[in-house]
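A look at the structure
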Amino acid sequence: VEVGVGCWTSCMDVLGLRVYQPGDIEGLVTNMGIREIVITTPTPMTNERREQVARLSQLPAKIRILPPLADIAAGHYLVSSVRDIDIDDLLGRSEVAPDPELLRAAVSGRTILDTGAAGSIGQAMCRIVMQHRPAKLVLLDLNEHGLYQINRELAQQGPTPVVPVLGSATSRKLLDRLLRECGIEVIFHCAAYKHVRLVEENMLEGVANNVDGTWELAEAAYQAGVQRFVLISSAKAVRPASVMGATKRWSELILHHFSAMPAREGRATVFCSVRFGNVVGSSGSVVPLFKEQIAKGGPVTVTHDDMTRYFMSVREAAELIVQACALSVSGDILLLEMGEPIRIRELAEDMIRLAGLTIRDAANPEGDIEIVYSGMRPGEKLYEELLIGNDPVTTEHPKIMRARETHPGAVSLDQAMDRLSQAILEGCTASAMSVLRAIVDEFSPPAVRGTEEAGNRESKQAPLARPEPLSATGR
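Residues numbered from 1 in each chain as written. Predicted model: local features only at pLDDT ≥ 70, side-chain atom pairs only at ≥ 80, totals over all residues. Heavy atoms only, no water.

1. Structural notes on helix 12 (residues 314-327)
Taking 1.5 Å per residue, 14 residues should reach 20 Å; helix 12 reaches 20 Å between its end C-alpha atoms and fits that length. In terms of burial, helix 12 is a largely internal element, 11 of the 14 residues being buried. Listed as buried for helix 12 are E316, A317, A318, E319, L320, I321, V322, Q323, A324, C325 and L327. (Helix = DSSP H or I, 4+ residues; strand = E, 2+ residues; numbered from the N terminus. Expected span 1.5 Å × (residues − 1). Buried < 20%, exposed > 50% of the residue type's maximum accessible area, 1.4 Å probe, protein only.)

Rendered as structure tokens:
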């Protein structure tokens, strides 16, 4: 027996079937042996959907969801498209169908390079790109098994040639050869170390991969005359508290640097950054961690009761990034509309309920899963922001905005990159952090876990000159 949950105001009969009020559902489940509940209402606000799921999850019945009835009537879904409810349904995001013209304009008939193609966002980008018939899709990643898997999946999707390349975005010889031999026209630069805690513990590797990799790829793209270069950035780049966030902000400044260089010899690459919050289910997200903890019987660990984050689904993020590519002009920082931030404690509660379990707390000491607080770690912030400076301006897409941010007069990026490369070569974390602080405003790194020798080496470095005009020659 199934029952549909809708927006009813009174009991009535429709075609001889009784329609009950939502308040009757507990009695219906108990008295009529309901085994499955199907939610059929249009997508409500976050709190309404969360309260609805919290209430229904207390009942001994499986909760499933049907797409909005208007979409079924319009032929977008079959009436049989009922599915299990998942965490994406609780994000409270208003759905905006992707613009097929923007998607086609970005990738159709073009040779595309996706760096970090084996990562969660990189894989989603590949799937979206393949749906719109590029001339060729080139995949770059260091993860051998992940690259094999996504290449195998994409090769079955149609006649578009897919070229897997095992390697790093920091390898300049590889990049130059790849761009030249494959005739790359559009680059989606997804490759980066994104896990805050790991980058805090491995600062030099994080800086080398995220900053130096972006510079090498951007410079190679400029010299090869690539048409468009899209950097996948992060909300953590705004007033960063972590090394990872600071590297993403520096990466944004690198793209601004190359966008300001005069076009020479027909080189007019459009460089842009796309900045957004967390993606549900990505490798650095709390969602896989919570799932693992719930499967083990808990406890679920939350760092702070007041911590909030922005979330969107990986599919929506990938679709918006590709559309942003088509909308961009060189030097853009485009912001994806993230909706309202979600309290991490509430996210944990939602996931416990979706697993068919109850929360163990003072009000319910016999519950299944306890939520405990682990405390904030170095580099973490209570709240995330998407914007530096003034309010953004709208674009033709309702979920893509254009930031209006000034780029402060700073150290010459050419000189800073030389200093950074020297610090990485010497293994001097203190020197690398010194350069990072000089480039990224408002970044206050944690105490460097280095030796006294590292500090002494840093003190011998000459101070960075400031400011200098952007160089048109590269490093």
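2. Description of the side chain of T308
Mapped onto the elements of the fold, T308 is located in strand 15 (residues 308-309). The exposure class assigned to T308 is buried, which follows from its relative accessible area of 15%. Setting aside anything within four residues of it in sequence, one finds T308 in contact with P341, I342, R343, I344, L382, Y383 and E384. (Contact = heavy atoms within 4.5 Å.)

3. Brief notes about the sheet that holds strand 11 (residues 228-232)
Taken in spatial order, the 9 strands line up as 9-8-7-10-11-12-17-22-21 in an open sheet, and their pairing is mixed. The outermost strands of the open sheet, each flanked by one partner alone, are strand 9 (162-166) and strand 21 (393-394). Direction of pairing for strand 12 (residues 270-275) relative to strand 17 (residues 333-336): parallel, over a ladder of 3 bridges. Paired with V274 across the bridge in strand 17 is L334. (Pairing = 2+ DSSP bridges.)

4. Regarding the nonpolar core
Membership of the largest hydrophobic core comes to 48 residues, with the highest contact counts inside it found for L113, I187, F229, W250, I254 and L436. Those elements giving two or more residues to this core turn out to be strand 8 (136-141), helix 7 (172-182), helix 8 (196-201), helix 9 (203-224), strand 11, helix 10 (243-259), helix 14 (413-426) and helix 15 (429-439). Broken down by element, this core gets its largest block of residues, 10 residues, from helix 9. In this structure W250 touches V211, L413, A416, M417, L420, V435, L436, I439 and V440, once residues within four positions along its chain are discounted. The next biggest cluster of nonpolar side chains, apart from the first, holds 44 residues, and it includes A124, L320, V322 and L334. (Core = buried A, V, L, I, M, F, W, Y, C linked by side-chain atoms within 4.5 Å.)

None of the figures reported here should be taken as evidence of function without further support.
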